[in-house]
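So the chains spell out like this:
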Amino acid sequence: MIPRRFLSLILFLGLILQGKAACADFDVSSVKGPHIKDLYMVIYRDPDSQMLALQKGELDVLGDIARPSDVDRLASNQEISLSISRGFHLFFMGFNLRKEPWNDRTLRHAAAMAVPSRQIVRDIFSGYSEPVDTYLPPVSPYYEPDVTVHEHDPAKARQILADAGWKWSTEGTLIPPGGDRPLKAVKLLSPTAQVAPTTAEISNRIAEALKSIGIPLSVEPLDFSSMISRLDRHDFDLFVMAWSLSRDPDSLFAFFHSSMDVPGGYNIQGLHDPELDKVLEELRWAPDEKTADGAARKAQRMLSDISPWIPIYSRYMVAAVRDDWEGVVSTRSTSADNLWTLLNMRPLHGGERPVMWCLPEEPRSLNPLGTSSAYDWQVLALIYEGLIAVDPETLGDLPWLATDWKVETVDGEGGPHTRLTFTLREGVRWQDGIPFTSRDVRKTLEFLKEHEIPRYYDNVRDIERIDTPDDHTVIVTMGNVSYWHLHNIGGSPVFPAHILETVKDWESWQPARETNPSVKELTSLVGTGPFVFREYRPGEFVHLVRNEGFWLLGGD
Amino acid sequence: MIAIRDLSVTYRTAARSVPAVRGVSLEVPRGKVTAVVGESGGGKSTLVYGILRLLPPGTEMSGSIDYDGMELTRASEERMREFRWKKAALVTQGAMNSLTPVLTVGYQVAEVLRVRLGMPGGEARERALELLAMTNLPPGYAGKYPHELSGGEKQRAVISMAVACSPEFLIADEPTSALDVITQAEVIATLVRMVREKGMGLLLVTHDLPLALSISDEMAVMHEGRLVEKGTPERITAFPSHAHTRTLLSAFGVTARSGQ
Amino acid sequence: MRKPPRWSFMAFLLILAVAAAGPPMLPGDPGRTMAKPFAPPAWSGGDAPPPFSGAITPASREITIDWKWDAPENLTLKGQLAFDEDSPVRLVWTTAEGGSFTLASFRGGSLWEVDLDARDMAFKTGLGIPPFASATSLLFPGRGVQTLSLEGPAPSGGSLDLALPGGRWGLLGTDQRGRDVLSLFIVGVRVSLLVGISATLLASLLGLSIGLTSGYLGGAADALIMRAVDVLLSIPVLPILMVFVGIWGKGLWQLVMILGLFSWMGTARTVRSLALSLRESCYVENLRSLGAGPWYILYRHLLPEAMPVVLAAVSLGVPGAILAEAGLSFLGLSDPRVISWGRMLHEAHGFGAFTAGAWWLIIPPGLGISLICLVFLDMGRAIEEMADPRLKGGGGR
Amino acid sequence: MRSYWTKRVLGAAAVLLLVIAANFFLFRIMPGDVVSTIVDPRFSPEAKERMREVFGLDLPLGRQFAVYVRRMLTFDFGISFLSQRPVWDELKSRVPNTVALLGSALVLSSALGTWLGVKAARKRGGFTEKVVLLSGSVSFSFPSFFVQLVLLLLLAYTFPLFPLRGSVSIPLPQTGTARALDYLWHLLLPAGSLVLLGFGSWAIYVRNLMVKTLGEDFILMARAKGLPEGRVLWNHAFRSALPPVLTLFLLALPGIVSGAVLTETVFSLHGVGKYLLDSIMGHDYPAAGAAFYILGLLTIASNLAADAAYALADPRIRVGGRVQS
């Protein structure tokens, strides 16, 4: 009996862009922008006003549309094109494996079978989300589909429990094998986040489902921060949470390696599995991509057997762009609100007009060293660039400030090391006119490591030495072996050395408010990127203009 | 002369109607003191405010009040306003809240002069001082607020205000109750002086029978909204015709012979 | 001429009756999904279809649907079918215009479980339509007879249920989860009343006792208490409530406590001045000289005098508490498990009912809150007017 | 007079101290861990620990408080946990918006409410009175955010007379006058909605006060003096009712400030109230404390202003008589 399996066989095909603005296979090398001169990132915090503004034409681009009713409404709007992509988002319920009864794998499997993820996705997201069974989101290049799936089947859940010796009390509460006392009441910690009104609802569904197989569960809604503090103290039974992950699968190490089970660590559920640990270590310190890929897939297969979480769904990213723009870029893995769109878009009917881009939150500080706010980075990512970019289609590495690189494992004192050699692009200048050289890369990495800047410290802590044999070569030698060093180093933004030298206190640094030392009209917030910072009016907008000296324009 | 003929006043509310004055006829001549005596709630105040037509909305009036050929019960509001204070000014109980608490006494006197007589501001202020002086209030009092004055001083201020426009009639509603005896005498003296000097008519409404007997030229006794007795004080003392008058007189220790 | 009782008293009794008798009379759990999300009320639905259901069983292998409306919002197929014969089976949809779609195909020879939902991305992809297109508009291209049939060997057992949710529902339509708004509305009146009345009762009790104490004691104690009242009155309450909700949690009783603790000041002030004037009155003075104890005076004389004031304060305070609850709920600071009118508005806003124009989801709780507030305000005013007839609207000095 | 002011100023100082203390302790017993709100899945536990040190949360509580009072008085609110920028820098840009919103709403609603209240009291049982009583109850009874959302939807979207959000147009108008007008245009709907919501209870209160005042003897006296009705109403009745009306100012203020939180949320205004909400949600102690403190300061300042006006309006205070309480 293979119930419902045929549904998953119809695979989600991705790359779908609705209607008129359909986009052919995207060729990164064709992008030569930006074409627009003015970019206003307008702060609309309320989803209702975002929707209204988009429909009214006050906004051109709106990303991250979460409410299904909005999606349906925009889909029927003739002036707006929607794009959908899979997201690096993963919503799950975690068990506290440190205590009874969740250390029982059968119970976890039964619980997984009781939770109707598919129905939750239907009812709460009207299908605009993807039920998942794995520990990486399906968009990940390292996603392994061939894992043990705990299909929704409450009857089977009861069956496997009964087979393992569980019984039910007269009230229908589960009694562990060999015992005579029913399970004590347990709580599911659930955030009641403003931004995600659906989370509490999902928790209630989960609680109902688990109650139906005899787990005496109730939901305890908490604000996000008290919930995190309970989790950090390991004071919980069950919890729901969502992570927004990166394209690299080494998050698996952070979430499931036994060394991460410390107060405040990411192994919240307290998983200790020596065999899995070995695989995760292999993943974390993989010398090359092939090893990494193998380890990542193996870890996912093992995890679905261990079931430390019940993965529930992964969000689709839905973005809307008004139809009077052409050149909008969206792929199966990147929704339309991306840098490539900004580099490529221009008014459909010619002419020149500013783009109004929705910023759903206030940028917190525009301090690239201090902030970890995603909204700051929506702005900063247009100003600062890394050595390597991510291909919007394949999610592979794309030459950016570095035209070429090499990853080697070399022997040295204390064992093998990873050595990264980057060849930098020539002719790139900072927005204030000063040439970009290997000195900037070196200064950036040294600065991040020396000041232990939290956002980057994990990326740069293993750097052993940096060599710059010439203006366009950087050799970074790491203290150990890991393929991920390439992404950690290559993906970090590069800051201008001549500005970093003036930074006295990185925490309170406000580059957007300092006058640039060489060009009076500019601020210290200068990078190599396609847009130049012009003005930030708190509560209203961030104004950026095209970087006329952007290297991609020059290559035209 | 103000001639009241067969005046009835009835207060109406949604639930009931209360007759307060029933068929009163009375004449108030100039240059004389006319007193109306009666117990509290007997309709005296209603009579006073009826003459000035300051009764609450919804109050019914019938009968007539004739002032020099003008029918007050039917006159336009505009003509009434003209009548008030210039022809007949009101002197209320001084201890009562008759002065606006947030305005100085001087301002309140001058305001009447400015607004009613169109006097320029400076002149009005000077005249106000004179008026206050007439009632023995020194100039310093013009700048004071009512709460800084004693009861008698307030009463005198009210009288100053009342005579400001040189009205033909003063209508005094219990001008002396709640004042001590000495102050009472002063206030009454002031009032009577005004009447005699300027030839005004004074309608004095009071529950104080001896006072009425001592100063009035004509007097009337009011009981349950009706005038039960009218005449000179001498006549009423000597020959009270109504039982209520006799009760009143005996209550105040005035002995009277039987009317019959 | 006797006036009929004031309208607000009648309305209050009606609301009480609904709150007491309404929820138990509801058919089933108000949390159930009844129709499509944001389904308009049945009487305003216009061309929206009613719910439809049918089944494929061994006896009947075809469902015919005579469709007279626009495409339904959704389509679900759920159930199990058992086949003895091992040969291909297909579920085929034929539209009125002759189009044909294979919804599922599998091989017989076992028990199959089917769980299809037209909203699933996989379902849309299977039909070859983009993710934002509606699968049902493909399956219901026009009005007429659409057919779902099972092709292949006859099933030996089980049944497959087809359900089309209604496009309109009930008296007040459905919310974002397809729940009956009328049921939620009826359940919600309880919470709004409960929060409003109990918070205000608490506040009034506090205000009464503090006011009486302050007025009766007088002197330094009085000055101190009144200063405290001044201070509390000049601090904006909502921010404090927000902080307290953060500390104590978002439960219903916590909310009642918090609201009660921060709204007693007005009553205390009024009661205190009343007590002060009574204390000075000859009447109480006499009682005291007759040897009456403070408790006797408090209980027999001050309390009855203060009662109308307190009653009016309760009546006038309830709207404040109800509105405060609604405001906190709107900011997301209330217990998500408790259905109150404020919560309904919060969810309506959170799920985009305002921009979607789902007025049936917004107007009932919005008007409900204001109606209940109006009722209490009017009752309060009536009580106030009894105590001070001068305030009566129109007539009478 | 002097004792009146001593009392008021001391009272204000007491409130200030209370606000500061409440600030400090309330926000410190809030649950949750500051560091947790700024985590990123890629941070290691050591990196988190480092954040904790950076924010100086490891100092003893007592020392934190002593420093705190001094810092509050000098407007040094520290660094925001969330933005890692000085809190005052973040608040500075918001204060003018909030002051403009609250100020205009308060002034307009009190002016309108007073005018209508006086009109209503003058004609008992008249049309104005009925309208005032009804609109007062109705505007009080509707949840403010509900009315505001409906207004926003109607007047900014369906009939786009007003902007949807914020306080400036994008791009900014070029000239100074145009910018000022643009700002007013943005302010109109939020402030207008507050007026709409606030004038009713104000009008009812003023009407009640005026009804009481109009029953006083001095009003009868003023009428007997043959003064024009307008003069009786405004110069005598309203002038006398003014002190308690000013008391209402004090009582209405906290409500209006509370309303700012909701209004700024609905209209996406960049103001102190919204900042407070965000900070509380994010457990950003310094920011929430500062926002609360600023709102408290605004309240205290307006309180003192109203006290001054009260003293001017009521001669019993001005000239040192007995104050009725």
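Values in this document were obtained by computation on a predicted structure and should not be read as measured data. (Residues numbered from 1 in each chain as written. Chains lettered and ligands numbered in written order. Predicted model: local features only at pLDDT ≥ 70, side-chain atom pairs only at ≥ 80, totals over all residues. Heavy atoms only, no water.)

1. A few points about the overall build of chain B
Secondary structure summary: chain B contains nine helices and 10 strands in total. In terms of C-alpha radius of gyration, chain B reaches 19 Å, essentially the compact-globule figure of 18 Å for 260 residues. Principal-axis analysis of the C-alpha atoms places the extent of chain B at approximately 60 × 40 × 35 Å. When the 260 residues of chain B are sorted by exposure, 55% land in the buried category. Of the contacts formed within chain B by residues at least 6 apart in sequence, a portion of 65% connects residues at least 24 apart. (Helix = DSSP H or I, 4+ residues; strand = E, 2+ residues; numbered from the N terminus. Rg over C-alpha atoms; globule rule 2.2 N^0.38 Å. Buried < 20%, exposed > 50% of the residue type's maximum accessible area, 1.4 Å probe, protein only. Contact = heavy atoms within 4.5 Å.)

2. As for the packing of helix α9 (residues 217–224) of chain D against helix α10 (residues 229–266) of chain D
The description of two helices packed together rests on the angle between their axes and the distance between the axes. Residues and elements named next belong to chain D. Running from N to C, α9 and α10 cross one another at 155°; their axes reach a closest spacing of 10 Å. When the interaxial angle is binned, α9 and α10 end up roughly antiparallel. Considering how the two elements wind past one another, α9 and α10 form a crossing that is right-handed. Residues F218, I219, A222 and R223 of α9 form the contact with α10, whose own contacting residues are E229, V232, H236, A237 and S240. Across the contact of α9 with α10, the residue classes tally to five nonpolar, two polar and two charged. (Axes fitted to C-alpha atoms, helices over the stretch in contact; angles between N-to-C directions. Parallel < 35°, antiparallel > 145°, perpendicular 65-115°, else oblique. Left-handed = near helix turned anticlockwise from the far one by under 90°. Nonpolar A, V, L, I, M, F, W, Y, C, P; charged D, E, K, R; others polar.)

3. Focus: the environment of D:L73
Tracing the backbone shows D:L73 in helix α3 (residues 61–73). Excluding anything up to four places from it in sequence, D:L73 contacts D:L16, D:I20 and D:Y293.

4. Description of a nonpolar patch on the surface
A cluster of nonpolar side chains, C:W43, C:L171, C:W359, C:I363 and C:L367, forms an exposed patch at the surface whose accessible area comes to about 520 Å². Positionally, C:L367 belongs in helix α13 (residues 359–387). (Patch = residues over 30% accessible without salt bridge, like charges linked within 9 Å, V, L, I, M, F, W, Y side chains within 5 Å. Areas by Shrake-Rupley, 256 points an atom, 1.4 Å probe, with all protein chains shown as cover. Salt bridge = Lys/Arg side-chain N within 4 Å of Asp/Glu carboxyl O.)

5. Some thoughts on the pairing of strand β12 (residues 309–322) of chain A
Residues and elements named next belong to chain A. Counted residue by residue, β12 has 13 buried out of 14 residues, so it is predominantly covered. Bridge count for strand β4 (residues 80–86) against β12 is seven bridges, and the pairing is antiparallel. Among the inter-strand pairings, L82 is bridged to a residue of β12, identified as A320. Sheet topology places strand β5 (residues 89–95) next to β12; four bridges connect them, and they run antiparallel. Bridged to G94 within β12 is W309. Sheet topology note: the strand β6 (residues 129–131)/β12 ladder contains three bridges and is antiparallel. Among the inter-strand pairings, E130 is bridged to a residue of β12, identified as S314. (Pairing = 2+ DSSP bridges.)

6. A short note on the packing of aromatic side chains
Aromatic rings in a pair are described by how distant their centres are and how their planes are angled relative to each other. Evaluation of the coordinates by the stated rule reveals 42 aromatic pairs over all chains. Seen in terms of ring centroids, A:W430 and A:F436 are 5.7 Å apart; in terms of plane orientation they differ by 75°. Their pairing is edge-to-face. The exposure classification of A:W430 matches that of A:F436, with both residues buried. Ring pairing ties together the aromatic residues A:F92, A:Y135, A:F236, A:F239, A:W243, A:F255, A:F256, A:Y266 and A:W309, which thus form one cluster. Across from the ring centre of A:W168, 4.7 Å away, lies the NZ or CZ of A:R158, which sits over that ring. For B:K144, the ring lying beneath its charged end belongs to B:Y141, and the centroid distance is 4.9 Å. (Phe/Tyr/Trp six-rings, centres within 6.5 Å; stacked < 30°, edge-to-face > 60°. Lys NZ or Arg CZ within 6 Å of the ring centre and 35° of its normal.)

7. What about the sheet that holds strand β1 (residues 2–12) of chain B?
Residue and element names in this part refer to chain B. With antiparallel pairing, the four strands of this open sheet are ordered in space as β2-β1-β4-β5. Looking at the sheet topology across the chains shown, the edges are occupied by β2 (17–28) and β5 (70–71). In this sheet, β2 lies alongside β1 in antiparallel orientation, the contact comprising eight bridges. Its bridge partner being in β2, Y11 is matched across the sheet by V18. Contacting β1, β2 and β4 (60–67), helix α1 (residues 44–51) crosses the sheet at an angle of about 110° to β1.

8. Brief notes about the pairing of strand β2 (residues 62–67) of chain C
Each regular strand displays side chains that alternate between the two surfaces of the sheet. All names here are of chain C. Side chains of β2 alternate between two faces, with I63, I65 and W67 buried and E62, T64 and D66 left unburied. As judged from the six bridges shared by β2 and strand β7 (residues 144–151), these two strands associate in the antiparallel manner. When the bridges of β7 are listed, D66 appears paired with V145.

9. Some remarks on the interface of chain D and chain C
Across the contact, 44 residues belong to chain D and 45 residues belong to chain C. Summed over both partners, the interface of chain D with chain C comes to about 4,000 Å²; 77% of that surface belongs to carbon and sulfur atoms. Among the residues of chain D in contact with chain C, D:S141, D:F145 and D:F146 are the three that bury the most area, contributing 13% of the side total. At the junction of chain D with chain C, the criterion picks out one residue pair in polar contact (both at pLDDT 80 or more). At the level of elements, α1 (2–29), α6 (127–141), α7 (144–158), α8 (176–214), α10, α11 (272–281) and α12 (285–313) of chain D are the ones that each hand at least two residues to the side of chain D that touches chain C. Sorting elements by how many residues they give to the side of chain D that touches chain C places α10(D) first, with eight residues. The residue makeup of the side of chain D that touches chain C, split by class, is 30 nonpolar, nine polar and five charged. (Buried area = accessible area lost by both parts, 1.4 Å probe. Polar contact = N/O pair within 3.5 Å; in protein donor to acceptor, adjacent residues only side chain to side chain.)

10. Focus on the packing of helix α5 (residues 95–122) of chain D against α6(D)
Residues and elements named next belong to chain D. Interaxial distance between α5 and α6 falls to 7 Å at its minimum, and their mutual angle equals 130°. When the axis of α5 is compared with that of α6, the two are oblique. Here α5 and α6 pass one another in a crossing that is left-handed. Residues L116, K119 and A120 of α5 form the contact with α6, whose own contacting residues are T128, E129 and V132. Residues of the contact of α5 with α6, tallied by class, amount to three nonpolar, one polar and two charged.

11. Details of the sheet that holds strand β4 (residues 88–94) of chain C
All names here are of chain C. One open sheet holds the four strands; their spatial order is β2-β7-β4-β5, and the pairing between them is antiparallel. Bordering the open sheet on either side are β2 and β5 (100–107), each of which pairs with just one other strand. The average undirected angle you get between the axes of adjacent strands in this sheet is 10°.

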